[in-house]
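Working through the structure, step by step
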Amino acid sequence: MLQFKKDSIFTRNNKDKSKVDESLPGGVLAVWGSPSSGKTTVAVKLAKYLAEHKKNVILVLCDMTAPMLPCICSSSSLECQKDSNRPFGSLGSILSATHVTDQIVKNNIITHKKMAYLTMIGMLKGENEYTYASYSRVQAEEFIASLRKIAPYVIIDCSSYIANDILSAVSIMECDSLLRLSNCDLKSISYLSSQLKLLYSDQWNSSKQYKVLSNVKPNHGVEHMAGALGSIDFRLPYSEEVEEQYLAGNLLADMNLKNSKEFRKEIEKIAEEVFGC
Ligand SMILES: Nc1ncnc2c1ncn2[C@@H]1O[C@H](COP(=O)(O)OP(=O)(O)OP(=O)(O)O)[C@@H](O)[C@H]1O
Ligand SMILES: [Mg+2]
């Protein structure tokens, strides 16, 4: 069990922050928020956008209960490091190391055959949190420190349940920017008011946080949500094409249809604000 006390996992580690050159573009973005709010969808679309703009990006998919790699593209479009004798590396193998080194992370990176600038790390089909040895905050912090060295742009698709998911909790603490997603419904408000209590601290608030309303439909009460959340930085509309890509396990596909135009524009705005590109 995690302890939500001073110096617990919900305390930001400022030790290595001095090493980050804030003038450089890029950095670590954590995407977090209420369950089913579109975290994975947004993380994948942002990673694709950066890769298309020739930015080296690592997309980390934290979900250990429903590994998301098999849900975003076909395994035939992926490959592992050339010198590896395994078909694919796994996030689980990285975190189960006694100490996470850059080489261990590199060995477990998965590349996309057609997107040269995109790499991914996640759990593989059929794996779960018990497939590998358990890990602690130490491995999660070392992992994020390695990611910073390996790629200029890092996007971490966190799971909602930070009380049980150490990597997602540490990612929220260690990131440079945080997208906080919610749907336009009471459950999202209830979720955030419950879970944000785990995170509140002066140090945590120093992260750049952006509030995002996600999967917004015309009949949704956006004004009510803006009132409940205080403010909204980005508003991602519902897109039929995105929904279909998700159903087809093809989220890395291009968005060409007219009904995605507003969604595409908002992803661009987020990339510009967060990463400066
Ligand atoms: N802008 C959007 N347009 C259409 N559908 C969307 C949009 N955003 C999210 N969805 C849909 O919402 C559902 C949840 O999306 P997703 O899995 O990305 O959410 P999540 O926050 O990662 O969920 P989880 O909490 O399970 O990790 C999916 O069916 C997805 O297609
Ligand atoms: Mg998800």
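Read on for an overview of the structure.

This paragraph deals with the overall build of the protein. In terms of regular secondary structure, the protein is built from 10 helices and nine strands. Here the contacts in the protein between residues at least 6 apart in sequence split such that 75% fall between residues at least 24 apart.

Turning our attention to helix H1 (residues 39-52). End to end, H1 covers 20 Å across 14 residues, agreeing with the expected 20 Å (1.5 Å per residue, within 8%). In terms of burial, H1 is largely enclosed, as 12 of its 14 residues are buried. Within the span of H1, buried status applies to Lys39, Thr40, Thr41, Val42, Ala43, Val44, Lys45, Leu46, Ala47, Lys48, Leu50 and Ala51. Positive phi appears at Lys54, one or two residues downstream of H1, with a value of about 60°.

On to the packing of H1 against helix H10 (residues 261-275), then. With their axes 10 Å apart at the nearest point, H1 and H10 run at an angle of 75° to one another. One finds that H1 runs roughly perpendicular with respect to H10. Each of Lys45, Leu46, Tyr49 and Leu50 in H1 lies in contact with H10, whose residues at this interface are Ile267, Glu268, Ile270, Ala271 and Phe275. Per-class residue counts for the contact of H1 with H10 are seven nonpolar, no polar and two charged.

Within the open sheet, the nine strands sit side by side as E3-E4-E5-E2-E6-E1-E7-E8-E9. Their pairing is mixed. Two strands in the sheet have a free side with no partner beyond their single neighbour: strand E3 (78-80) and strand E9 (234-237). When strand polarity is set aside, the average angle formed by the axes of neighbouring strands in this sheet is 25°. Sheet topology note: the strand E2 (residues 57-61)/strand E5 (residues 118-122) ladder contains five bridges and is parallel. Directly across from Leu59, in E5, lies its bridge partner Met120. Strands strand E1 (27-33), strand E6 (153-157), strand E7 (177-182) and E9 of the sheet are contacted by H10, whose axis makes an angle of about 150° with E9.

We now examine the site of ligand 1. Ligand 1 sits among 19 residues. The nearest are Gly38, Lys39, Thr40, Thr41 and Tyr246. Listed by contribution, the elements that provide at least two residues to the shell around ligand 1 are H1, strand E8 (208-216) and helix H9 (240-247). Taken together, the residues of the shell around ligand 1 sort by class into six nonpolar, 10 polar and three charged.

Bringing the nonpolar core into the picture now. In terms of nonpolar packing, the biggest core is built from 71 residues, with Val31, Leu59, Ile155 and Ile156 touching the most fellow members. Counting residues per element, this core draws most heavily on H1, which supplies seven residues. The residues contacting Val31, other than those within four sequence positions of it, are Lys39, Val42, Ala43, Ile155, Ile156, Asp157, Cys158, Leu179 and Leu181.

Another point: the packing of helix H5 (residues 137-150) against helix H6 (residues 166-174). Put simply, H5 and H6 touch, their axes get as near as 9 Å, and they point 50° apart. Taken together, H5 and H6 sit at an angle that is classed as oblique. Seen from above, H5 lies across H6 with right-handed handedness. Residues Arg137, Ala140, Glu141 and Ile144 of H5 form the contact with H6, whose own contacting residues are Ile166, Leu167, Val170, Ser171 and Glu174. Class assignment of the residues belonging to the contact of H5 with H6 gives a composition of five nonpolar, one polar and three charged.

Below, the discussion takes up the pairing of E8. As paired elements, E7 and E8 share six bridges and run parallel to each other. Bridge pairing in E8 links Leu178 to Gln209. Note: E8 against E9, three bridges, orientation parallel. Looking at E9, one finds that Val216 is bridged to Pro237.

Here is what the cut-offs are and how they apply
Residues numbered from 1 in each chain as written. Chains lettered and ligands numbered in written order. Predicted model: local features only at pLDDT ≥ 70, side-chain atom pairs only at ≥ 80, totals over all residues. Helix = DSSP H or I, 4+ residues; strand = E, 2+ residues; numbered from the N terminus. Contact = placed C-beta atoms within 7 Å. Expected span 1.5 Å × (residues − 1). Buried ≥ 20, exposed ≤ 12 C-beta atoms within 10 Å, placed from the backbone. Axes fitted to C-alpha atoms, helices over the stretch in contact; angles between N-to-C directions. Parallel < 35°, antiparallel > 145°, perpendicular 65-115°, else oblique. Nonpolar A, V, L, I, M, F, W, Y, C, P; charged D, E, K, R; others polar. Pairing = 2+ DSSP bridges. Near = placed C-beta within 6 Å. Core = buried A, V, L, I, M, F, W, Y, C linked by C-beta atoms within 7 Å. Left-handed = near helix turned anticlockwise from the far one by under 90°.

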